[in-house]
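Descriptive structure summary
Given next are the chains, with one letter for each unit.
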Amino acid sequence: RKEVEQDPGPFNVPEGATVAFNCTYSNSASQSFFWYRQDCRKEPKLLMSVYSSGNEDGRFTAQLNRASQYISLLIRDSKLSDSATYLCVVWSGGSYIPTFGRGTSLIVHP
Amino acid sequence: DAGITQSPRHKVTETGTPVTLRCHQTENHRYMYWYRQDPGHGLRLIHYSYGVKDTDKGEVSDGYSVSRSKTEDFLLTLESATSSQTSVYFCAISRGHLVETQYFGPGTRLLVL
């Protein structure tokens, strides 16, 4: 079983919709969590950190559920420009080797 | 813009030839990383560096070596390229007080024939 799992999608949603992705992790010692966005044939770009208390940045909200070992990303009022692949990354305490999920593809259509 | 450049951006080479990829940063960050990204695998760490001449292995280090003789440059070498090393290679730096906060370069697309 892969340590970090994401639904590859694609999630196909209309503009203005709210969409949520989950990312599950298997290592209970995981301590740091992030969401990245990656456009086709481009580098990943840091979207936001994920804290136990939640993290909100405009239309984007990230949550951590330690009990169930998953993180989530909620996008409200989707824009065409939100179309991309969203990667989660998990770091375990004391390790300098992060584990990336394979990504979830989002397509926002008019 | 994270101040990271990679060269070359594209390369086609033949099996058995040596290949060196360069990552250059302009902000004197201590931590630098090399990843590869392949369909079905996501991003995987090859090697990382935590200072000049200080490097360590990542998840998929076999067949790769690295060197860091200056803060700004981190080189990845494939001593004898194989077709399984065809991939997109990303360099990353850690910025800020958290090592985990990474920013990526534009990538190098390598095709080994």
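In this text the structure is predicted, and so the values were computed from the model without any measurement.

1. Focus on the layout of surface pockets
- In this structure, the largest pocket occupies an estimated 420 Å³ of space.
- What lines the largest pocket is a set of 20 residues, among which Gln38 and Arg41 of chain A together with Gln37, Asp38 and Pro39 of chain B lie closest to the centre.
- Counting only elements with at least two residues in the lining of the largest pocket, the list comes to strand S9 (84–92) of chain A together with strand S4 (32–38) and strand S9 (87–94) of chain B.
- Residues of the lining of the largest pocket, tallied by class, amount to six nonpolar, eight polar and six charged.

2. Considering the nonpolar core
- Ranked by size, the top nonpolar core spans 23 residues in total, and within it Phe21, Trp35, Ile71, Leu73, Ile75, Tyr86 and Leu106 of chain A carry the most contacts.
- Contributing elements (two or more residues each) for this core: strand S3 (19–25), strand S4 (30–38), strand S5 (44–50), strand S7 (60–65), strand S8 (70–75), S9 and strand S11 (104–109) of chain A.
- Aside from chain neighbours lying at most four places away, what touches Ile71 of chain A is Phe21, Asn22, Cys23, Phe33, Phe34, Trp35, Val50, Gln63, Leu64 and Cys88 of chain A.
- Among the nonpolar cores identified, the runner-up in size contains 19 residues, and Leu21, Val60, Ala81 and Cys91 of chain B belong to it.

3. Re the pairing of strand S3 (residues 19–25) of chain B
Residue and element names in this part refer to chain B.
- The alternating pattern of S3 places Val19, Leu21, Cys23 and Gln25 on a buried face and Thr20, Arg22 and His24 on a face that is not buried.
- Relative to S3, strand S1 (residues 4–7) runs antiparallel, the two being bridged by four bridges. Looking at the pairing, Gln6 lines up with Cys23 of S3.

4. Some remarks on the pattern of salt bridges
Residue and element names in this part refer to chain A.
- Scanning all chains against the criterion turns up nine salt bridges over all chains.
- Among the ionic pairs, Asp82 bridges to Arg59, the shortest N-O distance being 2.8 Å. With a gap of 23 residues between them, Asp82 in the loop between S8 and S9 and Arg59 in the loop between strand S6 (55–57) and S7 connect regions that are remote in the sequence.
- You can call Asp82 buried: its relative accessible area is 2%.

5. Considerations on the sheet that holds S6 of chain A
All names here are of chain A.
- Strand order in the open sheet formed by five strands is S1-S3-S8-S7-S6, with antiparallel pairing between adjacent strands. Looking at strand neighbours, the two that pair on one side only are strand S1 (4–6) and S6, the edges of this open sheet. Within the sheet, the average angular offset between the axes of one strand and its neighbour, ignoring direction, is 15 degrees.
- Bridge analysis of S1 against S3 gives three bridges, and the strand direction is antiparallel. Looking across to S3, one finds that Val4 is bridged to Tyr25.

The rules behind each value
Residues numbered from 1 in each chain as written. Chains lettered and ligands numbered in written order. Predicted model: local features only at pLDDT ≥ 70, side-chain atom pairs only at ≥ 80, totals over all residues. Heavy atoms only, no water. 1 Å grid on protein atoms, 1.4 Å probe; cavity = no way out; pocket = protein on both sides within 12 Å on 5 of 7 lines; lining within 4 Å. Points joined across faces, edges and corners; volume = space filled by probe spheres on them. Helix = DSSP H or I, 4+ residues; strand = E, 2+ residues; numbered from the N terminus. Nonpolar A, V, L, I, M, F, W, Y, C, P; charged D, E, K, R; others polar. Core = buried A, V, L, I, M, F, W, Y, C linked by side-chain atoms within 4.5 Å. Buried < 20%, exposed > 50% of the residue type's maximum accessible area, 1.4 Å probe, protein only. Contact = heavy atoms within 4.5 Å. Pairing = 2+ DSSP bridges. Salt bridge = Lys/Arg side-chain N within 4 Å of Asp/Glu carboxyl O. Axes fitted to C-alpha atoms, helices over the stretch in contact; angles between N-to-C directions.

By themselves, these observations are geometric and do not establish any function.
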